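Report on the structure
Here is how the chains run, residue by residue.
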Amino acid sequence: MTPSRTGKLFKAATDAHRRGELTTAVEFYTDVVKADPSHAPAHFLLGLIYRATGRVADALAHVRHATRTAPENISYRQGLAEVLLANGQSEAAERAFRMTVLCDPTVAAAWSWLGGRLEQKGDLPAAEHVARRRRYLSDDRGAALTHAEVLSRLGNIETAWPLAERAVRMGGSYDPLSDLKSALMFPPIPTNRDQIIQARERFADALDRVANSGLRLEDPVSQVGRAPFYLAYHGLDDRRLMERFNDVLHAATPGFQDRRAGTDKSGGRQRIGIFSTFFNAHTVLRYTQGLIRAMAAREDLELMALPAASIPAAASRHLESLGATVVPIAADYPRAVRQIRELALDVLIFADIGMEPLSGALAHTDLATRQIALSGHPVTTGIRRLDGYVICPTFEPEGFEAHYTEPVIRAEFWPMGYVREVSDLKSFPLPDRNSTHPVLLCAQSLFKIHPDMDAGFRDILDRIPSAALYFIDLPQGMKPVTERFRARLVSAGIDVDARVRFLPRMPLVEFLGWLRHADVVLDSWYFSGGDSSFSALAAGAPVVTLEGAFYRGRQTAGLLRQARLPETLAETPDRYAEIVEKMATDRTYTD
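Everything quoted here is computed from the prediction, not taken from an experiment. Here the residue numbers are simple positions, counted from 1 along each chain's written sequence. Note on the predicted model: pLDDT of at least 70 is required for a residue's local features to be given, and 80 or more for side-chain atom pairs to be given and counted; whole-chain, interface and lining totals, by contrast, use all residues. Side-chain measures were taken over the full set of non-hydrogen atoms in the model, leaving aside hydrogen atoms and water.

A few points about the packing of helix α3 (residues 40–52) against helix α4 (residues 56–69)
For helices, the fitted line uses only the C-alpha atoms of the stretch in contact; every axis is such a line through C-alpha atoms, and the angle between N-to-C directions lies from 0 to 180 degrees. Per the convention used, a helix needs a DSSP run of H or I reaching at least four residues, while a strand needs a run of E reaching at least two, with both numbered from the N terminus. Contact geometry for α3 and α4: axes closest at 7 Å, N-to-C directions at 155°. When the interaxial angle is binned, α3 and α4 end up roughly antiparallel. Classified by chirality, the crossing of α4 by α3 is left-handed. From α3, A40, H43, F44, L46, G47, Y50 and R51 reach across to α4, where they touch V56, D58, A59, H62, V63, H65, A66 and T69. For this classification, the nonpolar set comprises Ala, Val, Leu, Ile, Met, Phe, Trp, Tyr, Cys and Pro, the charged set comprises Asp, Glu, Lys and Arg, and every other residue, Gly included, is treated as polar. Split into classes, the residues belonging to the contact of α3 with α4 amount to 8 nonpolar, 5 polar and 2 charged. Working definition: roughly parallel below 35 degrees, roughly antiparallel above 145 degrees, roughly perpendicular at 65 to 115 degrees, and oblique for all remaining angles. Handedness of a helix crossing follows the sense of rotation of the near helix relative to the far helix, less than a right angle counterclockwise being left-handed and clockwise being right-handed. Throughout, a contact is declared for two residues whenever any of their heavy atoms are within 4.5 Å.

Remarks on the side chain of R488
With respect to the element layout, R488 can be found in helix α20 (residues 479–491). Each residue is placed in one exposure class: buried if its accessible area under a 1.4 Å probe, protein chains only, is under 20% of its type's maximum, exposed if it is over 50%, and partly exposed if it falls in between. By relative accessible area, which is 6% here, R488 ends up buried. Setting aside chain neighbours within four positions, we find R488 in contact with I189, P190, T191, I449, H450, P451 and D454.

Structural notes on the pairing of strand β9 (residues 468–472)
Across the 5 residues that make up β9, a large majority, 5, are buried. In β9, alternate side chains face the same way, and those of A468, Y470 and I472 on one face and L469 and F471 on the other are all buried. Two strands are said to pair when DSSP picks up at least two bridges between them. Relative to β9, strand β8 (residues 439–442) is paired through 4 bridges, and the arrangement is parallel. Among the inter-strand pairings, L440 is bridged to a residue of β9, identified as L469. Whether a crossover is right-handed depends on one test, that the path from the first strand over the helix to the second runs clockwise when the strands point away from the viewer. Read from β8 through helix α19 (residues 452–463) to β9, the crossover connection turns out right-handed. For β9 and strand β10 (residues 500–503), the ladder comprises 4 bridges, and the chain directions are parallel. In the sheet register, Y470 faces β10, and the bridge partner there is R501.

Some words on helix α5 (residues 74–86)
Expected helix span is taken as 1.5 Å per residue step, with the number of steps being one fewer than the number of residues. Under the 1.5 Å per step criterion, the end-to-end length of α5 is 18 Å for 13 residues, consistent within 8% with the ideal 18 Å. Its side-chain oxygen at 3.0 Å from the backbone nitrogen of S75, N73 defines the N-terminal cap of α5. The positive-phi residue at the C-terminal boundary of α5 is G88, with phi of around 80°. The term polar contact refers here to a pair of N or O atoms within 3.5 Å; inside protein, the definition further demands a hydrogen-donor-capable atom paired with an acceptor-capable atom, and it admits residues adjacent in sequence only when both atoms are side-chain atoms.

Concerning the environment of H250
The residue H250 is located in helix α14 (residues 239–252) in this model. Along the chain, H250 and H364 lie 114 residues apart, while their C-alpha atoms are 7.1 Å from each other. Residues in contact with H250, not counting those within four places in the same chain, are F256, Q257 and H364. Separated by 3.0 Å, the side chains of H250 and H364 make a polar contact.

Quick look at the environment of F97
Along the chain, F97 turns up in helix α6 (residues 90–103). F97 gets classed as buried once you look at its relative accessible area, which sits at 2%. Separated by 12 residues in the primary sequence, F97 and A109 place their C-alpha atoms 9.3 Å from one another.

Considering the sheet that holds strand β12 (residues 543–546)
If you trace the 6 strands from one edge of the open sheet to the other, you get β10-β9-β8-β11-β12-β13, paired in parallel fashion. What marks the edges here is a single partner per strand, and that holds for β10 and β13 (569–570). Sheet analysis places β12 next to β13, joined by 2 bridges and oriented parallel. Bridging across to β13, L546 finds its partner in A570. On the sheet, helix α25 (residues 573–585) packs against β8, β11 (520–522), β12 and β13 and is oriented at approximately 175° with respect to β12.

Points about the pattern of salt bridges
What counts as a salt bridge is simple: a side-chain nitrogen of Lys or Arg found within 4 Å of a carboxyl oxygen of Asp or Glu. Counted according to the given criterion, the structure contains 34 salt bridges. With its nearest N and O atoms 3.1 Å apart, the salt bridge here joins E21 to R19. A residue is classified by how much of its surface remains accessible, and R19, at 54% relative accessible area, is exposed. A salt bridge links R135 to D139; its shortest N-O distance comes to 3.2 Å.

Below, the structure written as structure tokens:
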């Protein structure tokens, strides 16, 4: 075929493509690449049509061919990265995006994706560098807000808040979605109680503005992208703020008002689904596995475990071994809604709501006859659509009903059904500490440790001059956050270099070994341990706790009561320090 004939076919293909006549365009593009296999534009555009119509493998073949034929073309490289991503090849997509910015550092979209990818992988310093580079290329609202979000995750609230607030009103116009996203930038390691109050007031003020803005959301998960996760660690009553946040989301999202088609069921087994985005090695799976096994054993129930997106094969096999049918659910909100509605569930149980945005969005949506929450994230959801929140009165203070938006469903015992991971204490490896000094281990994630507790740490170390205080470090990509925690301890008057150690993240069995090895396990104030306290008791380690005002600060206290071990339960910070001192220095007391 002559070049002129090929050119006419290509023009006919692009004309059809512009008119939306995709079948005709595919036919012409196919003729072009058959006549001229090196015709990179035809390969690329054919690949874009295949991607849009769901033929991702064909799209990848043609876009890759275009890139090899014209490696200098940045659009082809960026397109290859996007098709790889659509095909689930995230590592290859990352390499392609990196090659794109190497070839042309001015491609803001590639920088944007790389920043999101690095943040997802937990490499926050690198993500911040990329976000700053994107702002240099295009300091628009999206770039400024993204940079502010990464800075906030690093704990750099002093820079993040002003930058986010500038983004909200950039160009002289107010953007309510940016305002909502800015409001969700809570400090992971608050400097002090004053900063906590400031963050909460900032959140409340923004919710008032957004509520009156006429904001409309099609997909709150992808558009908002966060949940008010850190509120639960402030030691305060979150009900009003959680209700206000969820009322704003509900009013802004038309899909939350959609009603599912009713199911006509007479007799038969009840169909139960239990949903979580954390059915992997996370605490949530360890919390719920006993409950899943118990429900799966009932002949009148058909139980389905609904993990969001793909989970490791080992986790899936474990859920199946408990008796559940595993039904993976898409991680994006619209597809997840369709999938769950197709299951025609009688009851949908949310193992946790509030750690990420998808579970909350699904809880707003009419998906089953009854929808209830468990305490995987132990704070009221603030979602009025839910039919109940399962609690155990043993863990609750007097008047606890006022802490919940949802109707409370009382369970005689703690409802989650925890199962001890290791039954033989001799199998726990003991670390080599090479010291006779008492080991005081606070096994909570650093963001759970309230600033009020810093003075308690200082008091304990003053009481026990030979003791060393151990914490579990954050992942490598969050080192700047750990440094903020260290700085807070220094401000409290603690000699961090001499008295404090940070243990690296470790496998579960090694963690259990450290618990067994500790002279005293220090439970965190206001948000107590759950999994860590169970594990410590399983390892035979003494746990000291300060009973809080809300369920999330009373989990360990409830466990100690159920285990008939109230001696290590403190009512005041001074009593907490006294118990720790006694247990660390008097072996007869521990025994």
